[in-house]
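# Remarks on the overall topology
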2 protein chains.
Amino acid sequence: MNKRIRLKDVAERAGVAVNTASTILNRRPNSWASKETEARVFQAARELDYRPSKTARALRSGRYHTIGLLIQDLTNPFFSTLADELEAAVEERGYDLLVENCRSSLVREKHLLADLEDLEVDGSVLWLSDNEVFRPDLTEMANAKRPVVVLGNGIPDKPIPVDAVLSDFTQGLTDAVDALCQLGHKRFAFVSALAEGQADGQRPRLFQEMLAARGIPASNIDILRTGHTVESACETFANFLKKRPDKRPTALLAMNDLAAIGAMRAAIEAGLTVPADLSVVGVDDVPLCSFLPITLSSIRQRYKKITRAAADLLISRIESADAAALPPRQEIFATVYTPRESVGPAKG
Amino acid sequence: MNKRIRLKDVAERAGVAVNTASTILNRRPNSWASKETEARVFQAARELDYRPSKTARALRSGRYHTIGLLIQDLTNPFFSTLADELEAAVEERGYDLLVENCRSSLVREKHLLADLEDLEVDGSVLWLSDNEVFRPDLTEMANAKRPVVVLGNGIPDKPIPVDAVLSDFTQGLTDAVDALCQLGHKRFAFVSALAEGQADGQRPRLFQEMLAARGIPASNIDILRTGHTVESACETFANFLKKRPDKRPTALLAMNDLAAIGAMRAAIEAGLTVPADLSVVGVDDVPLCSFLPITLSSIRQRYKKITRAAADLLISRIESADAAALPPRQEIFATVYTPRESVGPAKG
DNA sequence: CTGTTAGCGCCTTCAC
DNA sequence: GTGAAGGCGCTAACAG
């Protein structure tokens, strides 16, 4: 059982003092060491396969070289893609990513958020179930000068008290609604996929308003609330089709792609054809959309831009000398309607 | 900026010594403290919202209450589901999960594996790209008495030197092949989805042997090698269909569900109908399979059983007094062929 | 450049 | 039950 190699061992082997070794290995600027001793130290480290203890370093310095990411559901391709991209983005800047997975439980979310305070990370990126519900917590974090970036949809009336990167659905939704109306659709459904206890958010209302502006009365729009899983979306829509055949929509928008896939499946099992009998539009545009047997139209969120912006905002705040001085910043990315096979003209 | 609450603060508030507070809060058995002082300490901790520093604790004790999980690709639903389940399993036992994502890069995999040695975790679960390639590393870990569980497919000839939880594909594959042969299929393709530099593994050979046993000559089987993404599987199969129409299979087995979905898409774009012109079988049975517009037949791995077994093996090794004494253990779970819409009788 | 010293927060031993 | 002391591995400040 060979013991762990410590900085001291490296220093001894190189014939220098520990602090010299420390300054050299950490490439601190004010090192007066000669090129030659530097080389000796690096070589000693390499020969011994020295790996500094992150724990000790963190305890001493209060820096962790890690950022936290809170997400709702790791099994949702949207979030796993997001985590993947963010990891790549922060890694380039020398940070590890620690994923905190709520599993669509509000209780767990509250817990994890509270844990973040003592969680040993330099900063966090949060995709909360509802930014308004957690506004008090965010305000508290802002006051504590904790580096935080919030991700999410929709531009709130009151500005968010911390840095934020948001998707604006008006553009994507407008284009989707325009397309559907031009194709002659008159009766709509919105599938709102929610975790237990989660509120609707802005999208159903936005959807209604946009349709209203195009002459579709609210009575022609059904808002279906389902759980966050594919199964749940499938079941809910299947039930609706069975119980209210009179209200069968010809076009359906879902809160995310998983829900859209579930609803599309329910339609197929009910004997409908997509898109002939029902047009389906999802949200997020997960990579799978373009490869489904019936490709899924979707309103794309700009993953790469979002994660890059989040990484930039967060790390600049972490590394800036006086992060306190920086006011909350906000970046907004438009969404893009991407039509595919699942959308077609209304029958009739 | 309110300072961090330390153990010392709790002790002071409760009017006890730090070591007393430590023994009480950690519920050490040989505490001679009275119920009353215990209560005082707990209350003080609660009032101050005391959160012990994991870093300090880890530095002192060498225990991290964290286990690492190395996976190939977080954006693949198979791995994200695996991570999700494993996280749940280890959390019950008081451990956090740290996900190390290779992003299907062998270079990154080697890197992360090397990092594991100094990565501050109590043990790790590894889903490697190839257990044979990493056998030397595994042997080294075993010698270093590092708690490790390997996950994967196929039962190796030489036993793996560390604990292992494996999926045995013979059962699932046998049933799938039987089903396809009974449906009259004579010409097959296998889509081998691999990261760059990754070797085929046992499955293509197993597939060939099983078909041979049922009278299908190797000349009737094409093995297509594609990258690990859906896109790549789709492209590869599309090219094959275009370039070799003479060798068009009536049944296709893919190395995983993503590849199956990609191949199915290629078939559809080539004007084929699934399953009338082509039957498709995936592997893993990710939750989405049952909700695709054409539901995907798949050979299921037992996620829950696998992750539970891995957690049990790993944690028992971590917590056993003399883990050194335990010989490498191996658990094997059979796979289950799950037919769905994507499989049907051969034409003709 | 060296060597010493101090301390991050916690756990553990030891005498009392 | 107390109080002091040592140390996990590292960083940082100091005088030399």
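Attention in this report is confined to the structure presented alongside it. Sequence order as written defines the numbering, with residues in each chain counted from 1. Each chain is given a letter, starting from A, and each ligand a number, starting from 1, according to the order in which they appear as written. Restriction of local features to residues with pLDDT of at least 70 applies here, the model being predicted, together with a cutoff of 80 or more for giving and counting side-chain atom pairs; totals for whole chains, interfaces and linings are based on all residues. Side-chain figures throughout are based on the complete set of non-hydrogen atoms in the structure, without hydrogens or water.

The next thing to look at is the packing of helix 1 (residues 7–14) of chain B against helix 3 (residues 35–48) of chain B. Any two packed helices are characterised by the angle at which their axes cross and by the distance between the axes. All names here are of chain B. Orientation is described by lines fitted to C-alpha atoms, with helices fitted over the stretch in contact, and by angles between N-to-C directions that extend from 0 to 180 degrees. Secondary structure counts use DSSP, requiring at least four H or I residues in a row for a helix and at least two E residues in a row for a strand, with both numbered from the N terminus. The contact between helix 1 and helix 3 brings their axes to 8 Å, and the two run at 125°. Overall, the two elements helix 1 and helix 3 adopt an arrangement that is oblique. Along this stretch, helix 1 crosses helix 3, giving a crossing that reads as right-handed. In this structure, helix 1 contributes D9, V10, R13 and A14 to the contact, and helix 3 contributes R40, V41, A44, A45, E47 and L48. Under this grouping Gly is polar, as are all residues other than the nonpolar Ala, Val, Leu, Ile, Met, Phe, Trp, Tyr, Cys and Pro and the charged Asp, Glu, Lys and Arg. Residue composition of the contact of helix 1 with helix 3, grouped by class: six nonpolar, no polar and four charged. Should an angle fall under 35 degrees it is called roughly parallel, over 145 degrees roughly antiparallel, and 65 to 115 degrees roughly perpendicular, with every other angle called oblique. Each helix crossing is assigned a hand: it is left-handed if the near helix lies turned anticlockwise from the far helix by less than a right angle, otherwise right-handed if that turn is clockwise. Every residue pair with non-hydrogen atoms within 4.5 Å of one another is taken to be in contact.

Attention now goes to the packing of helix 5 (residues 77–92) of chain B against helix 12 (residues 303–319) of chain B. Residues and elements named next belong to chain B. Running from amino to carboxyl end, helix 5 crosses helix 12 at an angle of 45°, the nearest separation of the two axes being 9 Å. Regarding the angle of helix 5 to helix 12, the classification is oblique. Seen along the crossing, helix 5 lies across helix 12 with a hand that is right-handed. Between helix 5 and helix 12, the contacting residues are F78, T81, L82, E85, L86, A89, V90 and E92 on the first element and Y303, K304, T307, R308, A310, A311 and I315 on the second. Residues that form the contact of helix 5 with helix 12 fall into these classes: nine nonpolar, two polar and four charged.

So, about the protein's contact with DNA strand D. Residues are counted as near a molecule or strand when any one of their heavy atoms sits within 4 Å of it. If you check the shell around DNA strand D, you find 23 residues, and the closest are L7 of chain A together with N19, T20, A33 and S34 of chain B. What you see for DNA strand D is that sugar and phosphate hold 63% of its atoms within 4 Å of the protein. Definition of a polar contact: a pair of N or O atoms within 3.5 Å, with one able to donate and the other able to accept a hydrogen when the atoms are protein atoms, and with sequence-neighbouring residues admitted only if both atoms are side-chain atoms. Interatomic distance of 3.1 Å between a side-chain N/O atom of N19 of chain A and a base nitrogen of DNA strand D. Side-chain polar atom of S22 of chain A to a phosphate oxygen of DNA strand D: 3.2 Å apart, as the coordinates give it. For the surface near DNA strand D, the elements supplying multiple residues, two or more each, are helix 2 (18–25) and helix 4 (54–61) of chain A together with helix 2 (18–25) and helix 4 (54–61) of chain B. Examining the composition of the surface near DNA strand D, we find that three residues originate from one element, helix 4 of chain A, more than from any other. In the surface near DNA strand D, the residues fall into nine nonpolar, nine polar and five charged.

A few words on the pairing of strand 5 (residues 163–168) of chain A. On any regular strand, side chains alternate: one points to one face of the sheet, the next to the other face. Residue and element names in this part refer to chain A. For strand 5, a buried count of five out of six residues is recorded, marking the element as mostly surrounded by other parts of the structure. Where strand 4 (residues 148–153) lies against strand 5, five bridges are found, and the strand directions are parallel. When the bridges of strand 5 are listed, G152 appears paired with L166. As judged from the five bridges shared by strand 5 and strand 11 (residues 330–334), these two strands associate in the parallel manner. Looking at the pairing, L166 lines up with I332 of strand 11. For every residue, the accessible area obtained with a 1.4 Å probe (protein chains only) is divided by the maximum for its type, and the residue is called buried under 20%, exposed over 50%, and partly exposed between those limits. One requirement defines pairing of two strands: DSSP has to find at least two bridges between them.

Along the chain, A17 of chain A falls in the loop between helix 1 (7–14) and helix 2. Separated by 79 residues in the primary sequence, A17 of chain A and D96 of chain A have C-alpha atoms spaced 30 Å apart.

Turning next to the interface of chain B and chain A. Across the contact, 46 residues belong to chain B and 46 residues belong to chain A. Interface area for chain B against chain A, summed over the two sides, is near 4,200 Å², with a carbon-plus-sulfur share of 58%. For chain B, the biggest contributors to the area lost against chain A are R265, F291 and P293 of chain B; these three give 17% of the whole. Here, a salt bridge means any Lys or Arg side-chain nitrogen found within 4 Å of an Asp or Glu carboxyl oxygen. Taken together, chain B and chain A are joined by 15 salt bridges. Taking the shortest distance from any N to any O, the salt bridge between E91 of chain B and R103 of chain A comes out at 3.2 Å. For the pair chain B and chain A, the interface holds 20 residue pairs in polar contact (both at pLDDT 80 or more). Residue assignment for the side of chain B that touches chain A shows that the elements contributing at least two residues are helix 4, helix 5, strand 2 (96–101), helix 6 (106–118), helix 10 (230–243) and helix 11 (257–269) of chain B. A quick way to say it: buried area is the sum, across both parts, of accessible area lost when two parts are put together, with a 1.4 Å probe.

Our next topic: the protein's contact with DNA strand C. Surveying the vicinity of DNA strand C reveals 23 residues, the closest of which are N19, T20, S34 and T37 of chain A together with L7 of chain B. In DNA strand C, the atoms that sit within 4 Å of the protein are 62% sugar and phosphate, with bases accounting for the remainder. For DNA strand C, a phosphate oxygen lies 3.4 Å from a polar atom in the side chain of S22 of chain B. Between DNA strand C and the protein, one listed contact pairs a phosphate oxygen with a side-chain N or O atom of Y50 of chain B at 2.8 Å. Of all the secondary-structure elements, those providing two or more residues to the surface near DNA strand C are helix 2 and helix 4 of chain A together with helix 2 and helix 4 of chain B. Considering each element in turn, the surface near DNA strand C owes the most residues, three residues, to helix 4 of chain B.

It is worth spelling out the nonpolar core at this point. Grouped together as the largest cluster of nonpolar side chains are 164 residues, with contacts concentrated most on F237 of chain A together with F237 of chain B. Dropping the residues within four chain positions of it, F237 of chain A is found in contact with L224, P249, L252, A263, A266, A267 and L278 of chain A. Buried Ala, Val, Leu, Ile, Met, Phe, Trp, Tyr and Cys residues form a nonpolar core when they are joined through side-chain atoms within 4.5 Å. Counting 38 residues, the second-largest nonpolar core is a separate cluster that includes L116, M141, V148 and L166 of chain A.

On to unusual backbone geometry. In this structure, the amide linkage connecting V274 of chain A to the following residue, P275 of chain A, adopts the cis form with an omega of 5°. Even without a glycine there, the phi angle at D285 of chain B is positive, about 60°. Its location among the elements puts D285 of chain B in the loop between strand 9 (279–284) and strand 10 (297–300).

Next up on the list: the environment of P287 of chain A. Residue and element names in this part refer to chain A. In this structure, P287 sits in the loop between strand 9 (279–284) and strand 10 (297–300). Along the primary structure P287 and F78 are separated by 209 residues, whereas in three dimensions their C-alpha atoms are 8.6 Å apart. Not counting residues within four places of it along the chain, the set of residues in contact with P287 comprises T81 and Y303.

Now for the pattern of salt bridges. All names here are of chain A. Under the definition given, this model contains 59 salt bridges over all chains. In this structure, the salt-bridge partner of D178 is R214, at a minimum N-O distance of 2.6 Å. With D178 in helix 8 (residues 169–182) and R214 in the loop between helix 9 (203–213) and strand 7 (221–226), this residue pair connects regions lying 36 residues apart in the sequence. Taking the relative accessible area as the measure of exposure, D178 reaches 29% and is therefore partly exposed.

Our focus in this paragraph is the relation of the copies chain B and chain A. Of the transformation placing chain B onto chain A, the axial shift is 0.1 Å and the rotation is 180°, giving an RMSD of 0.1 Å. The superposition operator between the copies reduces to a two-fold rotation axis. Here 100% of the interface residues in chain B have copies in chain A that are interface residues too; the copies meet face to matching face. Copy-to-copy alignment: least squares on C-alpha atoms, limited to residues at pLDDT 70 or above in both.

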